Amino acid sequence: MRNLARVATSSLVALCIGLSIVVVAVAAIGILGVRSSTGLGKQISGNELDTSTATGELARDMDTAYVDGEEAFLTANPAIRTRLFDVLYATLLPATDDAVTNLVRLHASDPPAELADIRRFVRQWLAVRDLLSPTSVATHPMAALAASLSADYSPLGQHLDRLFLVEQAEGQADQARASASAERVTWLLVSVGLAGLLGGGFLLYRGIRGIRRALQPGQDQEEFADTLQIANDEDEAHLLLQRYLERILAPKTTAVVLNSNNSADRLESVVPLPGGSALAQTLRGAQPRSCMAVRSGRTHREGNSRLGLLSCAVCASCPGASSCVPLVVGGKVIGSVLLSRPTPYDDADEQRIRESVSQAAPVLANLRNLAIAEFRASTDGLTGLPNKRAVTDTLKRMFAQAASERSPLALLMLDLDHFKQVNDQRGHAVGDQVLANVGAVMRGAMRSRDFAGRNGGEEFAILLPDTEVESALRIAERVRAAIAEMSVPGIDVTVTVSVGVAGYPDHASTPDRLARLADAALYLAKRQGRNRVELAEPSVVGAFGVEGAADQPGPAGPAGPGGPAAPPALPAPDLGAIADRIPEPRSGGDGQRPDGNGQGSGDTGQPTGRERARNRGNA
């Protein structure tokens, strides 16, 4: 997905760069064209200047012809007059006529008003030229001709001066207009180029944003999939699915993950419901088939313009539009995801919902199966209590927590009295039922924060966190009394239990030593007559100097008739030394034996030393 985003972004960048290059090239060509047109304008203005130049030369020739003619009319020297007339007729008048003809040609394309002015100027010149012609010289007096020449040439000269100024002004104006036009076009093209660059940048920004927005769902989906893989348990995965759907379908979208309970007879929400949600009422007592998505295995919608033939009893009460998508794994529906918001979902939203739910369903199923497997691996199948491995792990965990928080911890070791006789006389089926009932009684007699597990065979362990030894003794007595009062339906069996109690930090500084001391106290309870609670103390543990001491008759009272006298009390050895000599807590029977009870060493033909002693005592 990220590679696709990079490729699409690079392509769009290249496209925009190419567009910008084209815009710049067009602007450059336009500038060159403007420069060319400017040159042409200058050429046109040059023509105007040529016209003004021609007008100026005409004015010079006319002035020369006028001066020579006037001098010829006024001179009294016939030789000078003749020379002046020769120059006038041979050079000046033909040159002036040519200049007038050229001026008329240059103004041939002028507007009618300007052309009429040129024609008037030509008539004025013809009048002056008639005065200078040989015919006029031959027929009129020189003085009269001089006066008429001066009178006719004055308006002609003024007209010629005006024409010269007009031509010069027009030439300069045309040049200025051409330059200004070129400047405007240049700036226009520069503006177009800048606008093109800005447009290209804007298109680049919009394109990149559009690509990122188009790729965002895929990236979100990838992030969701990666996060799902590191979910600790099913509950965390449910919350993650809820949070993800509410984020991608925001705003005002509510997501609720529904699942059937362990018995598969009730539908319940596995995520917290929003405050005031109508689902709190509709889910009360709802069965899995109450949800149309679970029932049909397909997406069910409510609140659309078209009503369905069947309405969902769960989501029909949700306000707005709702979409319920089943969680399907291997063709089996394990739950559903209910989404509701004020406005209906479009096709893109529905697609994202389906993809997210389809991606989460196998992960949720795997987490559920893993939780079931872990529960079965750490749970005794007969009593429903945690097994020995779980007991050992929990003891280490609770002990470490108690040590770090400097809080007390108590350990109770319990062992059913004469349980081997129940198995031998009533059979393992009755023994199994007794063990199951004991587990139920223990769960009912403990606090919510306490932990109880089957330590193997007929032995159990209870951990009491944040509990002083005095409180632990009271709880142990309550558990002992509850088991003593227990009745097995249909079976006349009396069950009692012996309990040993040890505490941290009063008795031990390590979990192993705490277990040994609790086990030693349990030995003492057995030794003192069973169906009792004993605390791990030096005076109590001292009665068991060696393994198998429980084989000796107890000192609880005088010997019966004909019985042997009670042996003298043994000296009380050191508690720590004796605790270290006591074997580890029994590991017999995490799993059930084929012949019943799930017992380990207690029902085998090769019992341990402690169990040999206990069996002899139970006999």
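One can find the structure itself at the top, above this paragraph.
Let me begin by describing the structure that accompanies this report.

Definitions and cut-offs
Residues numbered from 1 in each chain as written. Predicted model: local features only at pLDDT ≥ 70, side-chain atom pairs only at ≥ 80, totals over all residues. Heavy atoms only, no water. Helix = DSSP H or I, 4+ residues; strand = E, 2+ residues; numbered from the N terminus. Buried < 20%, exposed > 50% of the residue type's maximum accessible area, 1.4 Å probe, protein only. Contact = heavy atoms within 4.5 Å. Areas by Shrake-Rupley, 256 points an atom, 1.4 Å probe, with all protein chains shown as cover. Right-handed = clockwise from strand over helix to strand, strands pointing away. Core = buried A, V, L, I, M, F, W, Y, C linked by side-chain atoms within 4.5 Å. Patch = residues over 30% accessible without salt bridge, like charges linked within 9 Å, V, L, I, M, F, W, Y side chains within 5 Å. Salt bridge = Lys/Arg side-chain N within 4 Å of Asp/Glu carboxyl O. Pairing = 2+ DSSP bridges. Axes fitted to C-alpha atoms, helices over the stretch in contact; angles between N-to-C directions.

**Description of the overall build of the protein**
Stage number 1. Of the regular secondary structure elements, the protein holds 17 helices and ten strands.
Stage number 2. Split into buried and exposed, the 619 residues of the protein put 44% on the buried side.
Stage number 3. Nonlocal contacts in the protein, meaning residues at least 24 apart in sequence, comprise 69% of its contacts between residues at least 6 apart.
Stage number 4. Carbon and sulfur atoms provide 56% of the accessible area of the protein, an area that totals close to 31,800 Å².

**Describing the pairing of strand β9 (residues 497-504)**
Stage number 1. For β9, a buried count of eight out of eight residues is recorded, marking the element as mostly surrounded by other parts of the structure.
Stage number 2. Of the two faces of β9, the one holding Val497, Val499, Val501 and Gly503 and the one holding Ser498, Gly500, Ala502 and Tyr504 are both buried throughout.
Stage number 3. A crossover connection joins β9 to the parallel strand β10 (residues 533-535) through helix α14 (residues 511-527); in handedness this β-α-β unit is left-handed.

**A short note on the nonpolar core**
Stage number 1. Counting residues in each nonpolar core, the largest one holds 43 residues, and the members touching the most others are Leu241, Leu245, Val314, Leu327 and Leu339.
Stage number 2. Going through the elements one at a time, α5 (142-228), α6 (234-248), β1 (254-260), α8 (292-296), β4 (321-329), β5 (332-341) and α9 (347-377) are the ones with two or more residues in this core.
Stage number 3. For this core, the element with the highest residue contribution is α9, accounting for eight residues.
Stage number 4. Setting aside chain neighbours within four positions, we find Leu327 in contact with Val257, Lys332, Val333, Ile334, Gly335, Ser336, Val337, Val357, Ala361 and Leu364.
Stage number 5. Formed by 35 residues, the second largest nonpolar core is a distinct cluster that contains Leu385, Phe419, Ala445 and Met486.

**Remarks on a nonpolar patch on the surface**
Stage number 1. A cluster of nonpolar side chains, Val24, Trp187, Val190, Leu194 and Leu197, forms an exposed patch at the surface whose accessible area comes to about 460 Å².
Stage number 2. Turning to its location among the elements, Leu197 is positioned in helix α5.

**Quick look at the sheet that holds strand β6 (residues 409-416)**
Across a sheet, strands are paired by hydrogen bonds formed along the backbone, either parallel or antiparallel in direction.
Stage number 1. In space, the five strands of this open sheet follow the order β7-β8-β6-β9-β10, with mixed pairing throughout. The sheet is open, and its two borders are formed by β7 (451-456) and β10, each paired with just one other strand. In this sheet, adjacent strand axes meet at a mean angle of 20° when their direction is disregarded.
Stage number 2. As paired elements, β6 and strand β8 (residues 459-465) share seven bridges and run antiparallel to each other. Pairing of Leu414 across the sheet is with Phe460, part of β8.
Stage number 3. With respect to the sheet, helix α13 (residues 469-484) is in contact with β6, β8, β9 and β10, its orientation differing from that of β9 by roughly 165°.

**A word on unusual backbone geometry**
Stage number 1. That bond from Tyr504 to Pro505 is cis: its omega, 10°, falls within 30 degrees of zero.
Stage number 2. Among the structural elements, Pro505 can be located in the loop between β9 and α14.
Stage number 3. We note that Arg406 has phi near 55°; this positive angle belongs to a residue other than glycine.
Stage number 4. Residue position: Arg406 is located in the loop between α10 (388-405) and β6.
Stage number 5. Of note in the backbone geometry, Asp466 takes a positive phi value of approximately 55° without being a glycine.

**Remarks on the environment of Val128**
Stage number 1. Here Val128 lies in helix α3 (residues 112-132).
Stage number 2. Val128 gets classed as buried once you look at its relative accessible area, which sits at 1%.
Stage number 3. In the structure, Val128 is positioned 28 residues away from Leu156 in sequence and 8.4 Å away in space, judged by C-alpha atoms.
Stage number 4. The residues touching Val128, leaving out its near neighbours within four places in the chain, are Leu149, Asp152, Tyr153 and Leu156.

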